[in-house]
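Tertiary structure, described
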Amino acid sequence: MRKMLSSGVCTSTIQLPGKVAVVTGANTGIGKETAKELARRGARVYLACRDVQKGELVAREIQMMTGNQQVLVRKLDLADTKSIRAFAKRFLEEEKHLHILINNAGVMMCPYSKTADGFEMHMGVNHLGHFLLTHLLLEKLEESAPSRVVNVSSLAHLLGRIHFHNLQGEKFYQSGLAYCHSKLANILFTQELARRLKASGSGITVYSVHPGTVNSELVRHSALMRWIWWIFSFFIKTPQQGAQTSLYCALTEGLEVLSGNHFSDCHVAWVSAQARNETVARRLWDVSCDLLGIPVDWLMMAAGPKRSLKQTTQHTLPK
């Protein structure tokens, strides 16, 4: 039974020397395991963490386990757009390339609170924070193409709705549903980003993933969820198992044609009708841009000249 619930393993043997990856929330759980595997394959990996001290401990652990010294820690607080911009500015000054961006960090079922910019915490961190980060790093991803973006979502998106009249939870708020709404936003962002990337011929592909039910710190705000996790611990994935689908989407060759799709257990997965609503996806894009103060057409502005059809259909992550 446990084997069935934890199925899905990234079997790619691709190695990543000379490649650069950023993993948000990489100081714990799925993010840590994802970063560890990317480092094991030879990539230069940035652990983008809110807790730099904890991140440094994890970086040393990964360096010791993999023998890869190119594991770096940088401060990133997704609940503060100033921190996001500072992280991106420093990264762009330091690096000439970015091949893999894993938008992994997240909060779950936290009491009602707002980010430094006044966004409801779930929507602000899980969606808007990663939306802005991707925006700021897009040109570097385009310059490094073929490159990939992986957005960690959840099966919880099934209960999600995008209430544009209550996006910041000020009219009504329930922590569990707020998490679901933000995970739906992750999928809608993935689909709209993929659609626009395809039109721009950028060589960047994007995927959303459901990592499975994973034993991680994500449930720290809910005593009930911690209790449920403990009761059903036999059926819950380890962080290493939970990282497999993120790694699959980041590394598997030939996946470019599936850009914009949602994955679970290393396979394309079904999403709710809400998650397939192109009208909502486009409106969420526009509203997100407005909230963050960035141009609605930022992708077209960042992307370079269109590539030939032959070039855009043959992208794979180089060996």
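These numbers were taken from a predicted model, which means no experiment stands behind them.

Another aspect to go through is the pattern of salt bridges. Across all of its chains, the model carries 14 salt bridges by this definition. Here Glu-33 and Lys-36 are joined by a salt bridge, their closest N and O atoms 3.3 Å apart. Here Lys-36 and Glu-33 lie together in helix α2 (residues 29-40), a separation of three residues that amounts to about one turn. Overall, the relative accessible area of 16% leaves Glu-33 in the buried class. For Lys-36, a relative accessible area of 16% translates into the label buried.

Our next topic: helix α3 (residues 52-66). In this model, α3 (15 residues) spans 20 Å end to end at C-alpha, consistent with the 21 Å of a helix rising 1.5 Å per residue. Those residues of α3 lying buried are Gly-55, Val-58, Ala-59, Ile-62 and Gln-63. All buried residues of α3 lie within an arc of 140° about the axis, which places them on one face of the element. Away from its buried face, by an angle of more than 90 degrees, α3 presents the exposed residues Gln-53, Leu-57, Met-64 and Met-65. Buried residues belonging to α3 abut α2, β2 (44-49) and β3 (71-75). Where α3 begins, the capping side chain belongs to Asp-51, and its oxygen is found 3.3 Å from the backbone nitrogen of Gln-53. Directly beyond the C-terminal end of α3, a positive phi value near 80° is found at Gly-67.

Sheet architecture is open: eight strands sit in the order β3-β2-β1-β4-β5-β6-β7-β8, paired in mixed fashion. The sheet is open, and its two edges are formed by β3 and β8 (267-268), each paired on a single side. One ladder, built from four bridges, connects strand β4 (residues 100-103) with strand β5 (residues 147-152); its direction is parallel. Looking at the pairing, Leu-101 lines up with Val-149 of β5. The strands touched by α3 within the sheet are β2 and β3, with β3 carrying the most contacts at an inclination of about 170°. Of the strands in this sheet, β1 (20-24), β2 and β3 are in contact with helix α4 (residues 81-94), which crosses β3 at around 145°.

One can describe the packing of helix α5 (residues 121-143) onto helix α10 (residues 278-292) by two numbers: an axis separation of 10 Å at closest approach and a directional angle of 80°. By the angle between their axes, α5 is roughly perpendicular relative to α10. When α5 is examined against α10, the residues His-127, Leu-128, Phe-131 and Leu-132 are found in contact with a partner set consisting of Leu-284, Trp-285, Ser-288, Cys-289, Leu-291 and Leu-292. When grouped by side-chain class, the residues that make up the contact of α5 with α10 number eight nonpolar, two polar and no charged.

With that settled, consider unusual backbone geometry. Along the chain, Ala-145 connects to Pro-146 via a cis peptide bond; the corresponding omega equals 5°. Along the chain, Pro-146 falls in the loop between α5 and β5. With a phi close to 50°, Asp-265 is a non-glycine residue in the positive phi region. Locating Asp-265 in the fold gives a position in the loop between β7 (262-264) and β8.

Once that is clear, we can look at the packing of helix α6 (residues 175-200) against α10. Put simply, α6 and α10 touch, their axes get as near as 9 Å, and they point 90° apart. Regarding the angle of α6 to α10, the classification is roughly perpendicular. Every residue of α10 that contacts α6 at Ala-185, Leu-188, Phe-189, Glu-192, Leu-193, Arg-195 and Arg-196 is listed here: Val-280, Ala-281, Arg-282, Leu-284, Trp-285 and Asp-286. Looking at side-chain class alone, the contact of α6 with α10 contains eight nonpolar, no polar and five charged residues.

This next bit is on the environment of Ala-273. Among the structural elements, Ala-273 can be located in the loop between β8 and α10. Note: C-alpha distance between Ala-273 and Leu-158 (115 residues apart in sequence) is 8.6 Å.

The subject of this paragraph is the pairing of strand β6 (residues 204-210). The buried fraction of β6 is high, at seven of seven residues. Of the two faces of β6, the one holding Ile-204, Val-206, Ser-208 and His-210 and the one holding Thr-205, Tyr-207 and Val-209 are both buried throughout. The pairing of β5 with β6 spans six bridges and is classified as parallel. Paired with Arg-148 across the bridge in β6 is Thr-205. In the classification by handedness, the crossover that spans β5, the intervening α6 and the parallel β6 is right-handed.

We now examine the packing of aromatic side chains. With the rule as written, the count across this model stands at 10 aromatic pairs. Aromatic side chains Phe-131 and Phe-189 sit 4.8 Å apart centroid to centroid with 40° between the ring planes, which places their arrangement in the tilted category. Of this pair, Phe-131 sits in helix α5 while Phe-189 sits in helix α6; the two residues are 58 residues apart in sequence, bridging distant segments of the chain. Each member of the pair Phe-131 and Phe-189 is classed as buried. Measuring from centroid to centroid gives 5.2 Å for Phe-131 and Trp-285, while their planes differ by 70°, and the two rings are edge-to-face. In this pair, Phe-131 sits in helix α5 while Trp-285 sits in helix α10, placing the two residues 154 residues apart along the sequence. Residue Trp-285 is classed as buried on the basis of its relative accessible area of 2%. Put simply, the rings of Phe-131, Phe-189, Trp-285 and Trp-298 pair up and form one aromatic cluster.

Scoring rules and cut-offs
- Residues numbered from 1 in each chain as written.
- Predicted model: local features only at pLDDT ≥ 70, side-chain atom pairs only at ≥ 80, totals over all residues.
- Heavy atoms only, no water.
- Salt bridge = Lys/Arg side-chain N within 4 Å of Asp/Glu carboxyl O.
- Helix = DSSP H or I, 4+ residues; strand = E, 2+ residues; numbered from the N terminus.
- Buried < 20%, exposed > 50% of the residue type's maximum accessible area, 1.4 Å probe, protein only.
- Expected span 1.5 Å × (residues − 1).
- Arc of directions from axis to C-beta.
- Contact = heavy atoms within 4.5 Å.
- Polar contact = N/O pair within 3.5 Å; in protein donor to acceptor, adjacent residues only side chain to side chain.
- Pairing = 2+ DSSP bridges.
- Axes fitted to C-alpha atoms, helices over the stretch in contact; angles between N-to-C directions.
- Parallel < 35°, antiparallel > 145°, perpendicular 65-115°, else oblique.
- Nonpolar A, V, L, I, M, F, W, Y, C, P; charged D, E, K, R; others polar.
- Right-handed = clockwise from strand over helix to strand, strands pointing away.
- Phe/Tyr/Trp six-rings, centres within 6.5 Å; stacked < 30°, edge-to-face > 60°.

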